[in-house]
Amino acid sequence: MRMRKLAMTLSQLPRHPLKDAALEQYGTDGEVAAKWVASIDMKKPFEEVDGVIDLGAGNGILGIAALLLGAPHAVFVEIDYEVCEVLQESIKSMGFNDRCRIINGDVSDLGDELVHDVVIMNPPWGRQTPKADRPFLLAANRCARSTIHLLHGRGAAHIDPWAEENGWISNRWMEADLPLPATYAHHSRKRGSTEAAMWWLERPAR
Ligand code: SAH
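Model, not experiment: these values are computed from the prediction.

Read across the sheet, seven strands follow the order β3-β2-β1-β4-β5-β7-β6 without closing on themselves; strand pairing throughout is mixed. The open sheet has two free edges, formed respectively by β3 (100–104) and β6 (169–179), since each of these has just one partner strand. Taking the axes of each pair of neighbouring strands and ignoring which way they run, one obtains an average angle of 15 degrees across the sheet. Note: strand β1 (residues 52–55) against strand β4 (residues 116–121), four bridges, orientation parallel.

Here it is, written out as structure tokens:
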């Protein structure tokens, strides 16, 4: 699927309700999601993985992008029930019911049995609650067989040391300015957008 079409499709998904500020809810912009996920696909095609796990899925934009590019299966984990309803609608609108599983729960409660090749996530960055990204990193560490794709604040200095401690090779390889919804504008120094970066974590080859 071409980048333009992907961005348009993702931008038209039902929107994240963005009601719970404490959960740092945020909807990744369709353009940014398309560029990120398509860039991943060019290096390592989603067709070749067994599935992706989208942690803190929101409306499912990241997992759905992976499915559109050929991932056979996606598991979406989202704590907020109301958001899960939007997610369900989102998946249905794409006709992806058969390739998806939704888990309405806390990423901290995921057990060792949920494992796929790839985890993709734009977790809470910990700007409301310090270290809110921590349970996401721990869950990704358990759930990802080979690769973690992470979107985080550009200045997040803890990712590389965390990756090294946990046996991942970390590569911060893309950057994006994320447009912010008006309600969240106070989070950013630059009006209307916030500076993000994308990390690609890979388990070393054995
Ligand atoms: N992945 C989506 C949403 C990112 S916002 C996107 O990129 O657009 C982060 C999401 O994580 C929110 O929807 C929030 O409700 C959810 N969330 C926050 N804490 C969580 C937790 N502990 N377990 C599962 N989901 C959580």
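There is more to say after this.
So, on to the pairing of β1. Going residue by residue along β1, you find Val52 and Asp54 tucked away on one face and Ile53 and Leu55 tucked away on the opposite face as well. Pairing between β1 and strand β2 (residues 74–78): four bridges, direction parallel. Bridge pairing in β2 places isoleucine 53 opposite valine 75.

Turning next to the nonpolar core. Membership of the largest hydrophobic core comes to 42 residues, with the highest contact counts inside it found for Leu10, Trp36, Phe46, Val52, Ile64 and Phe76. One finds Met121, Ile148, Ala156 and Trp168 within the second-largest nonpolar core, a separate group that totals 26 residues.

Cut-offs used in this document
- Residues numbered from 1 in each chain as written.
- Predicted model: local features only at pLDDT ≥ 70, side-chain atom pairs only at ≥ 80, totals over all residues.
- Heavy atoms only, no water.
- Pairing = 2+ DSSP bridges.
- Helix = DSSP H or I, 4+ residues; strand = E, 2+ residues; numbered from the N terminus.
- Axes fitted to C-alpha atoms, helices over the stretch in contact; angles between N-to-C directions.
- Buried < 20%, exposed > 50% of the residue type's maximum accessible area, 1.4 Å probe, protein only.
- Core = buried A, V, L, I, M, F, W, Y, C linked by side-chain atoms within 4.5 Å.

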